[in-house]
Amino acid sequence: MNTNSEHQCDVLVIGSGAAGLSLALRVAPHGKVIVLSKGPRNEGSTYYAQGGIAAVFDEEDSVESHIEDTLIAGAGICEKDAVSFITKNAKECVQWLIDGGVPFDLDENDKSEHPRHHLTREGGHSHRRILHAADATGMAMQTNLQDNVNNHPNIHFLERYNALDLITEDRIGGDAKKVVGAYIWNRNQEHVESVRAKFVVLATGGASKVYQYTSNPDVSSGDGIAMAWRSGCRVANLEFNQFHPTCLFHPEARNFLLTEALRGEGAYLKRPDGSRFMPDFDQRGELAPRDIVARAIDYEMKRLGADCMYLDISHKPADFIEKHFPTINMRLLDLGIDMTKEPIPIVPAAHYTCGGVMVNQQGQTDLANLYAVGEVTYTGLHGANRLASNSLLECVVYAWSAAKDIIANFDEVKLPPALPYWDESQVTNSDEEVILQHNWHELRLFMWDYMGIVRTDKRLERALRRIQLLQQETHEYYSHFRVSNNLLELRNLLQVAELMVRCAMTRKESRGLHYTLDYPEQLENSGPTILEPEKFRTSNPLF
Ligand SMILES: Cc1cc2nc3c(=O)[nH]c(=O)nc-3n(C[C@H](O)[C@H](O)[C@H](O)COP(=O)(O)OP(=O)(O)OC[C@H]3O[C@@H](n4cnc5c(N)ncnc54)[C@H](O)[C@@H]3O)c2cc1C
């Protein structure tokens, strides 16, 4: 038994991105909230979002058109009710952000007393409907939400704490399908504590760190998906990983993203010889959805044996580029690339996890009192591919709907009694961290090679075999040694990698982001891939 401290609150929010902070602010007037962040509190995908957030604000645009664009991008398997729910509530939820002080850009051509917001257009959208704060929308949102959270007396922040596993009521003699708290690892003091709560919310973001190349920050290791699965929640559509087509290819910049808005504003994709290639693949050219663009780049790179392709906006006036893309321009200038004069080298990189923990429209998971919001979830919005700028929107709409449901049940759900302490009596300090480092690298590399943009049955089988081997080693390690960040993340990434590969193996067709050479055609009838934990308990001894 070790040092044990227990926290208690009404709502435990695991994750401090757009989803977690929005939900925390919505429920805070009703009770005590604890927000957990694994790293520094602003570190998550939200902070790095560049392009913006989609919502119908223009009179010439319509919710129907937003629905249609989302359904087209989703390649026929979006849940129509979810798409309609999110797009219909988009304007009100984005207005909540505006009212809270998020400084979205205004339209400088509108000289009226209350100027409209400037709306930009991105690939797959048939109208200008993206609100943005120059090219650093996520930073503006994260900073503003964080300021509001910091000023709220009911919200307590636990920074540099990893949620390790959920605690279900059977641990205190109750229902295995009811969540009563979580074990959390205090990274500063390196010991495990617990939180008991009436409601627990997973807002842990995506799992793109499972891939060698990713636009995501280090915290995107799929922890929420793995924790929910281990506790008995269903997951869905994890074969659909979006690869952002245009990440900077530069040895000194780790996958710096070049926003979709560059192509929206007229940038061309070019081969090393300067010729355009997108018109050969899709009549929408550079504005085709991301999966088509990423595959076209992958195809051209493989065909030509090139290390990268190029994104070129230098035909636009320099002052236009500097004004619309100030952050990107500055970063590139630091690296010696002048985007106003020359093309930018790019490669695709893992960017967004379309699937995740299954939730209903109130953000409820399969377990009582456990909610999930944001990129960690499968809501049905994205189908087989995410439409650009719909994900920040999904975060704020589901934060609103889940918060509403939590508030409605606030008095009915009681704070659970004291929880059992974390037992560390059987473990010692790790003797060989090198195993973890090695397994980390191995996992990310073979996921890139075998479960990447183009798949085959053989590649998936290879990936699964390797995952199972690494799971075995990591499981042994987990049983014998004290936890560390590397160990916790590796354990979760292996779990999510397994779920991704199993989803991919189940889908015998190519659709949206899932492309396999063995089944290149799209089936006439298809739906989401749903995995149920009960079905795997017997087949996987490590579960
Ligand atoms: C470079 C980039 C650009 C993007 N651009 C756009 C865009 O323009 N428009 C758009 O709509 N979407 C964009 N996206 C996607 C979008 O940013 C994300 O989908 C969204 O921000 C996810 O928000 P979230 O709150 O769900 O998770 P995140 O913002 O990723 O936050 C996750 C939080 O969970 C915490 N966490 C994770 N695991 C644990 C754990 N075990 N214990 C405790 N805390 C944990 C992290 O510390 C973090 O605080 C972009 C993504 C990237 C990476």
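Residues numbered from 1 in each chain as written. Predicted model: local features only at pLDDT ≥ 70, side-chain atom pairs only at ≥ 80, totals over all residues. Heavy atoms only, no water.

1. Considerations on the nonpolar core
Let me state the cut-off plainly: In plain words, nonpolar cores are sets of buried Ala, Val, Leu, Ile, Met, Phe, Trp, Tyr and Cys residues tied together by side-chain atoms within 4.5 Å. Three exposure classes are used, based on accessible area relative to the maximum for each residue type with a 1.4 Å probe and protein chains only: buried under 20%, partly exposed in between, and exposed over 50%. Where helices and strands are cited, they refer to DSSP runs of H or I of at least four residues and of E of at least two residues respectively, numbered from the N terminus. Contacts between residues were defined by any pair of non-hydrogen atoms, one from each residue, lying within 4.5 Å.
Counting 132 residues, the largest nonpolar core has Val11, Leu12, Leu23, Ile53, Leu443 and Met447 as its most contacted members. Of all the elements, helix H14 (residues 485-506) adds the most residues to this core, at 12 residues. Leaving out residues up to four positions away in the same chain, Leu23 has contacts with Val11, Val13, Val201, Val373, Ala399, Ala402, Ala403 and Ile406. Counting residues in each nonpolar core, the second largest holds 30 residues, with Ala261, Ala296, Ile321 and Ile346 among its members.

2. Re the sheet that holds strand E10 (residues 235-236)
Our working definition: Following DSSP output, two strands are said to pair if at least two bridges run between them. Axis angles are defined between N-to-C directions and span 0 to 180 degrees, where every axis is a line fitted to C-alpha atoms and, for a helix, only to the segment in contact.
Pairing in this open sheet of four strands is mixed, and the strands run E17-E15-E10-E18 from one edge to the other. Across the chains shown, the open sheet's two edge strands, defined by having one partner strand only, are strand E17 (377-378) and strand E18 (530-531). Of the strand pairs in this sheet, E10 and strand E15 (residues 356-358) are connected by two bridges, and their pairing is antiparallel. Following the sheet pairing, Ala236 is matched in E15 by Gly356. Sheet strands in contact with helix H6 (residues 223-231) are E10, E15 and E18, and its direction is about 40 degrees off that of E15.

3. Things to note about H6
By the criterion of burial, H6 is predominantly enclosed, with nine of the nine residues buried. Remark: Gly232 follows H6 within two positions and exhibits a positive phi of approximately 110 degrees.

4. A closer look at the confidence of the model for the chain
Using the following cut-off: Each residue carries a pLDDT score, the predictor's own confidence in it, on a scale running from 0 to 100.
Mean pLDDT for the chain: 94, with 98% of residues reaching 70 or above. Confidence, expressed as mean pLDDT per element, reaches its minimum in the chain at helix H15 (residues 533-537) with 84 and its maximum at strand E16 (residues 370-372) with 99.

5. A closer look at the pairing of strand E14 (residues 344-353)
The buried count for E14 comes to 10 of 10 residues, which makes it a mostly enclosed element. Both strand E11 (residues 241-248) and E14 contribute to a ladder of six bridges, which runs antiparallel. Along E14, the bridge assignment pairs His244 with Ala349. With three bridges connecting them, strand E13 (residues 309-312) and E14 associate as antiparallel partners. Looking across to E14, one finds that Tyr310 is bridged to Pro345.

6. Let's talk about the pairing of strand E8 (residues 179-186)
Burial runs high along E8: eight of the eight residues are buried. Strand direction decides the pairing type here: strand E7 (residues 161-168) and E8, joined by seven bridges, are antiparallel. Bridging across to E8, Ala163 finds its partner in Ile184. Bridge count for E8 against strand E9 (residues 191-202) is six bridges, and the pairing is antiparallel. Along E9, the bridge assignment pairs Asn186 with His191. Taking the residues that link successive antiparallel strands as the turn, the E8-E9 hairpin has four residues, and the phi of Glu190 there is positive, at about 55 degrees.

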